[in-house]
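Descriptive structure summary
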Amino acid sequence: MTLTVTNTLGRREEVFRPWSPPLVTMYVCGPTVYDYVHIGHAKTFVAFDGIKRYLSLIGYSVYHVQNITDIDDKIIKRASDRGVSWKEVADSYAQDYLESLSRLNIRVDLHPRVTSHINEIIDFIGKLIEKGYAYVAPSGSVYFDVDAYPDYGRLSGNFNKALWDQGEGVVSEKRHPYDFALWKAAKPGEPWWESPWGRGRPGWHIECSVMSSRYLGSRIDIHGGGSDLIFPHHENERAQSESLFGGPWVKYWLHTGMLTIRGEKMSKSLGNIVSLRDAINEWGPNVIRMWVLTSHYRGSLEYSEQSLGQAKKLVERLRDIASDVVKRLSKEEYVNYMKAADVDELFKLRSLYLNWHAAMQRDFNMGEAAGSVWALTSEYYKYIASSESRALIAFTYKMLVDFNRVYAVLDDIFERAPMAPVASLEDQLIDLLVEVRSQLRKNKMYDLADYIRSKLASYGITLVDKGEETTWKRAG
Ligand SMILES: Nc1ncnc2c1ncn2[C@@H]1O[C@H](COP(=O)(O)OP(=O)(O)OP(=O)(O)O)[C@@H](O)[C@H]1O
Ligand SMILES: [Zn+2]
């Protein structure tokens, strides 16, 4: 199988060939920390986590850097509205962001912050001025000279100069209205750092060029972010970096589609956000992950109770099956030979597994891959749950382990009980308690039987009584 990805640069599907396999370097634009992280951010961050996890599953080693923008006009404004320092605003929301990532089981290798890289930023800008790509204006602000970079517009496919307005306002000191700020001279009352051009602070775009190359070098395999960043942010990053490094910079530009609410982009500035905290409290982190990872990263995703409900159902099924499979594998009673029907079933599972990979290999098509996961759960309830073939159960387990390398919603189940030929001591003790409880019930000693049930529940073990027989499972 060959992995292909859709590169925003050129807008085509390309075979994935990183600069130095098996290493893959990946930089994703992180948040500007002036408010709580919302589920729109989660869509982008979970999608890249899924991409990284899939690359790791097929043998790559991914180094993932995701920045924190901790100085920006919006942070300064929020601080002055609240009468606190910009640092207090940035630190508290950066904390919320890091906690959210950790609750969502997203592991980023490095979280560089802009304000810890001011010297590197000044150095980068200095070199751009030296090479003739940037100029110092009378105010002490420094601008990128867009006309000096002939490839400008190729990433976004926007070659019409009239549409290159950067949203920074037309400042008379710029050479062209579309030049953008690399360094902003300090206005009274604003935070500043000393620089060769006077006191000021970095512009937004320069920070990502600087921090990505500082940690990943001057050639990066994957640069990611939401599609809202293609223009001007990524167009500008590309102009800055390729001008300085003098050659191709990012190999694959991958962009996520937007999370929408009532058809509109969810955004702090539009004031229509559902905070990730609230969403996690309502649905739990596993459901949010699954919801994002069962849709295509490039597509948009509408916030709806119904689609979250579907994701919840899938997570519940997977957790139920994983617990069952782990428990069954730890027992010795399953016979080791296969019946003809078991072999047929194994082939069915095999094709589901191959289809899952085939979908993932086509530009990480997670929406399509989800079909195989649903199908696996159906096969389990339909056939495997009552099969006695250890091989079939073991293959189900292996598939779930691989799927979970991407979805990461079963870690606790697999960590607690890896595939083992005999039950762990813990499992054997639970079995024993369940058996004792059954005896107590037979002897009508319900108080003691209930005590065992509630004690086990407090350890996260749920008992399910079906007639005389009692089974148990770990809570999700
Ligand atoms: N609604 C959304 N859907 C998907 N990704 C999003 C959404 N909003 C922001 N992102 C992505 O999250 C990352 C961090 O975004 P950032 O904090 O810069 O957001 P922002 O655009 O400033 O937020 P907002 O638009 O809410 O003010 C970026 O990669 C951005 O593309
Ligand atoms: Zn960026």
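Bear in mind that the values here come from a model prediction, so they are computed numbers and not experimental data.

**Observations regarding the overall build of the protein**
What the protein contains, in helices and strands, is 15 helices and 15 strands. Counting across all 476 residues of the protein, residues that qualify as buried make up 53%. Nonlocal contacts in the protein, meaning residues at least 24 apart in sequence, comprise 76% of its contacts between residues at least 6 apart. Between the centroid of the 59 positive side chains of the protein and the centroid of its 61 negative side chains there is a distance of 2 Å.

**Description of the domain arrangement of the protein**
Each domain of the protein was delimited in the assignment, giving domain 1 (305-413) and domain 2 (425-474). With five residues of domain 1 at the contact, the number on the domain 2 side is six residues. Approximately 380 Å² of surface area, both sides summed, lies buried where domain 1 meets domain 2, with 46% of it carried by carbon and sulfur atoms. Among the residues of domain 1 in contact with domain 2, Asp320, Ser323 and Lys327 are the three that bury the most area, contributing 71% of the side total. Taken together, the connections running from domain 1 to domain 2 amount to one residue pair in polar contact (both at pLDDT 80 or more). When the residues that make up the side of domain 1 that touches domain 2 are grouped by side-chain class, the tally is no nonpolar, two polar and three charged.

**Re the sheet that holds strand β5 (residues 134-136)**
Spatial strand order, β5-β6-β7-β8: four strands in an open sheet with antiparallel pairing. At either end of the open sheet lies a strand with only one pairing partner, and these are β5 and β8 (200-202). For this sheet, the mean angle separating the axes of adjacent strands, direction not counted, is 20 degrees. Pairing analysis gives three bridges linking β5 to strand β6 (residues 142-144), with the strands arranged antiparallel.

**Some remarks on helix α1 (residues 39-57)**
For α1, spanning 19 residues, the distance from its first C-alpha to its last is 26 Å, which sits close to the expected 27 Å at 1.5 Å a residue. Among the 19 residues in α1, 18 count as buried, and that is most of the element. Positioned one or two residues after α1, Gly59 has a phi angle of 110 degrees, which is positive.

**So, the side chain of Gln166**
Tracing the sequence through the fold places Gln166 in the loop between β6 and β7 (180-185). Looking at Gln166, the relative accessible area reads 9%, which means it is buried. A polar contact of 3.0 Å, which involves the side chain of Gln166, links it to the side chain of Tyr152. If we skip the residues at most four places from it in the chain, Gln166 touches Tyr152, Tyr178, Asp179, Phe180, His205, Phe231, Pro232 and Asn236.

**With respect to the site of ligand 1**
Taken together, 23 residues lie around ligand 1, and Thr44, Asp228, Leu259, Met266 and Lys268 are the ones closest in. Between ligand 1 and His41 there is a distance of 3.5 Å, counted from an oxygen atom to a side-chain nitrogen or oxygen. In this structure, Ser267 approaches ligand 1 through a side-chain N or O atom, which is 3.1 Å from an oxygen atom. If you list the elements that add at least two residues to the shell around ligand 1, you get α1 and β9 (220-226). Considering every element that reaches the shell around ligand 1, the biggest residue donor is α1, with four residues.

**Examining the sheet that holds strand β10 (residues 250-256)**
Reading across the sheet, the four strands line up as β4-β3-β9-β10 and stay open at both edges, with parallel pairing between neighbours. Unpaired on one side and paired on the other, β4 (61-66) and β10 mark the two borders of the sheet. The mean angle between the axes of side-by-side strands here comes to 20 degrees, regardless of whether they run parallel or antiparallel. Pairing geometry for strand β3 (residues 23-28) and β4, over six bridges, is parallel. Paired with Thr25 across the bridge in β4 is Tyr63. Of the strands in this sheet, β3, β4, β9 and β10 are in contact with α1, which crosses β10 at around 135 degrees. Contacts between helix α6 (residues 230-245) and the sheet are confined to β9 and β10, with β9 contributing the most and set at about 160 degrees to the helix.

**Details of the pattern of salt bridges**
Across all of its chains, the model carries 34 salt bridges by this definition. Residue Asp81 pairs with Lys77 through a salt bridge whose shortest N-O separation is 3.0 Å. Linking Asp81 with Lys77, this pair stays in helix α2 (residues 73-82), spanning four residues, or about one helical turn. Residue class for Asp81 comes out exposed when judged on its relative accessible area of 53%. Put simply, Arg277 and Asp96 hold a salt bridge, and the shortest N to O gap is 2.9 Å. Residue Arg277 is found in helix α7 (residues 276-283), and its partner Asp96 is found in helix α3 (residues 86-103); the two are separated by 181 residues along the sequence. Residue class for Arg277 comes out partly exposed when judged on its relative accessible area of 37%. Judged by its relative accessible area of 4%, Asp96 is buried.

**Examining unusual backbone geometry**
Among all residues except glycine, the phi angle is most often negative; among peptide bonds, the trans geometry is most common. Looking along the chain, the bond that leaves Pro21 and enters Pro22 is cis, with omega of 5 degrees. The residue Pro22 is located in the loop between β2 (12-15) and β3 in this model. Of note in this structure, Ala408 is not a glycine but carries a positive phi near 50 degrees. The topology assignment puts Ala408 in the loop between α12 (390-407) and α13 (411-416). Judged by relative accessible area, which is 2%, Ala408 ranks as buried.

**Points about the UniProt feature "binding site: Zn(2+)" (unreviewed entry) in the protein**
The feature "binding site: Zn(2+)" (unreviewed entry), as given by UniProt, occupies Cys29, Cys208, His233 and Glu237 in the numbering adopted here. Their sequence span is 209 residues, while the largest C-alpha to C-alpha distance among them is just 11.0 Å; these annotated residues converge on one region. Mapped onto the elements, Cys29 comes out in the loop between β3 and α1. The contact partners of Cys29, leaving out residues within four places of it in the chain, are Phe45, Asn67, Cys208, His223, Gly224, Leu229, His233, His234 and Glu237. Structurally, the position occupied by His233 is in helix α6. Contact partners of His233, with chain neighbours within four places excluded, come to Cys29, Trp204, His205 and Cys208.

Conventions and cut-offs
- Residues numbered from 1 in each chain as written.
- Chains lettered and ligands numbered in written order.
- Predicted model: local features only at pLDDT ≥ 70, side-chain atom pairs only at ≥ 80, totals over all residues.
- Heavy atoms only, no water.
- Helix = DSSP H or I, 4+ residues; strand = E, 2+ residues; numbered from the N terminus.
- Buried < 20%, exposed > 50% of the residue type's maximum accessible area, 1.4 Å probe, protein only.
- Contact = heavy atoms within 4.5 Å.
- Lys, Arg positive; Asp, Glu negative; His and termini not counted.
- Charge placed at Lys NZ, Arg CZ, Asp CG, Glu CD.
- Domains from an automatic or database assignment.
- Buried area = accessible area lost by both parts, 1.4 Å probe.
- Polar contact = N/O pair within 3.5 Å; in protein donor to acceptor, adjacent residues only side chain to side chain.
- Nonpolar A, V, L, I, M, F, W, Y, C, P; charged D, E, K, R; others polar.
- Pairing = 2+ DSSP bridges.
- Axes fitted to C-alpha atoms, helices over the stretch in contact; angles between N-to-C directions.
- Expected span 1.5 Å × (residues − 1).
- Near = heavy atom within 4 Å.
- Salt bridge = Lys/Arg side-chain N within 4 Å of Asp/Glu carboxyl O.
- UniProt positions renumbered as here; feature names shortened; annotations may be inferred.

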